[in-house]
Amino acid sequence: MTSSLRVWVVEDNDPNFDLVEYLLGEAGHEVVRIASGTELEALLASGATPPDLLLLDVNLPTGSGLDLVPTLRAMPGGARVPIVVVTAHAMRGDRERFLAAGCSGYISKPIETTSFVAAVERYATDGGE
Ligand code: MN
């Protein structure tokens, strides 16, 4: 059993976020939505405690979610937060690209409701290794 996790979710799409929030909430985890890079920076500027895990949409209106990785890594305690990409466009070589950007791995969209929570908990527990 995994204790309650604090999960930050970078996601601009409402239905996608709603599903993630529902699934993680049902499992007893706490979800904070971050809809943009600007919101992430505001959260960090407020002195927020780093989350147990960050879920990262790579397709944001402002560009690639991967561009936000250095911002999170630079926050106090941010170096060890597992960052998991959630993407509909995982292709050959993408996993390596995500790892090279400093992420722990990825979960595919559309979200598989029966395995999503377990995948998140696994990444939070062991970094996905
Ligand atoms: Mn998106």
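This text goes with the structure placed above it.
In what follows, the accompanying structure is described. (Residues numbered from 1 in each chain as written. Predicted model: local features only at pLDDT ≥ 70, side-chain atom pairs only at ≥ 80, totals over all residues. Heavy atoms only, no water.)

Some remarks on the coordination of the manganese ion
Quick note on the threshold: Only N, O and S atoms count as donors, using a 2.8 Å cut-off from the metal and 3.2 Å for Na, K and Ca, and because water is excluded some sites may appear unfinished.
Donor atoms from the polypeptide that coordinate the manganese ion comprise Asp12 (OD), Asp57 (OD) and Asn59 (O), at 2.0 to 2.2 Å from the metal. Taken in chain order, the donor set of the manganese ion reads D-x44-D-x1-N.

Here we look at the pattern of salt bridges
Heads up, the rule is: The working definition used for a salt bridge is a side-chain nitrogen of Lys or Arg within 4 Å of a carboxyl oxygen of Asp or Glu. Numbering of helices and strands runs from the N terminus, with a helix taken as a DSSP run of H or I at least four residues long and a strand as a DSSP run of E at least two residues long. Burial classes: relative accessible area under 20% of the type maximum marks a residue as buried, over 50% as exposed, and values in between as partly exposed (1.4 Å probe, protein chains only).
Under the criterion given, the structure shown has 4 salt bridges. Between Lys109 and Glu11 there is a salt bridge, with its nearest N and O atoms 3.0 Å apart. Taken together, the residues Lys109 in the loop between strand 7 (105-108) and helix 5 (116-126) and Glu11 in the loop between strand 1 (6-10) and helix 1 (14-26) connect sequence positions 98 residues apart. For the pair Lys109 and Glu11, one class covers both residues: buried. For Asp57, the salt bridge identified is with Lys109, shortest N-O distance 3.3 Å.

What to know about the sheet that holds strand 2 (residues 30-34)
Put simply, the test is: Any two strands with at least two DSSP bridges between them are considered paired. A fitted line through C-alpha atoms represents every axis, and for helices the fit uses only the stretch in contact; the resulting angles, taken between N-to-C directions, go from 0 to 180 degrees. Note on contacts: a residue pair is in contact if any heavy atoms of the two residues lie within 4.5 Å.
What the 5 strands build is an open sheet, ordered 2-1-3-6-7; its pairing is parallel. Each of the sheet's edge strands pairs with one partner strand only, and the pair in question is strand 2 and strand 7. Each strand of the sheet is rotated relative to its neighbour by a mean of 25°, with strand direction disregarded. As judged from the 4 bridges shared by strand 6 (residues 83-87) and strand 7, these two strands associate in the parallel manner. Residue pairing in the sheet places Thr87 in a bridge with Ser108 of strand 7. The strands touched by helix 1 within the sheet are strand 1, strand 2 and strand 3 (53-57), with strand 2 carrying the most contacts at an inclination of about 165°. Against the sheet, helix 2 (residues 37-45) touches strand 1 and strand 2, its axis set at about 120° to strand 2.

Considerations on the side chain of Thr87
If you trace the backbone, Thr87 turns up in strand 6. Judged by its relative accessible area of 3%, Thr87 is buried. Apart from the residues lying within four places of it in its own chain, the contact partners of Thr87 are Val58, Phe98, Tyr106, Ile107, Ser108 and Lys109.

Structural notes on the side chain of Glu11
Heads up, the condition is: Between N or O atoms, a polar contact is any pair within 3.5 Å; within protein, one atom must be a potential hydrogen donor and the other a potential acceptor, and residues adjacent in sequence are included only when both atoms are from side chains.
With relative accessibility at 4%, the residue Glu11 sits in the buried group. Reaching out from Glu11, the side chain makes a polar contact with the backbone nitrogen of Asn13 at a distance of 3.0 Å. Once residues lying within four places of it in the same chain are set aside, the contact partners of Glu11 are Asn16, Phe17, Arg33, Ile34, Ala35, Asp57 and Lys109.

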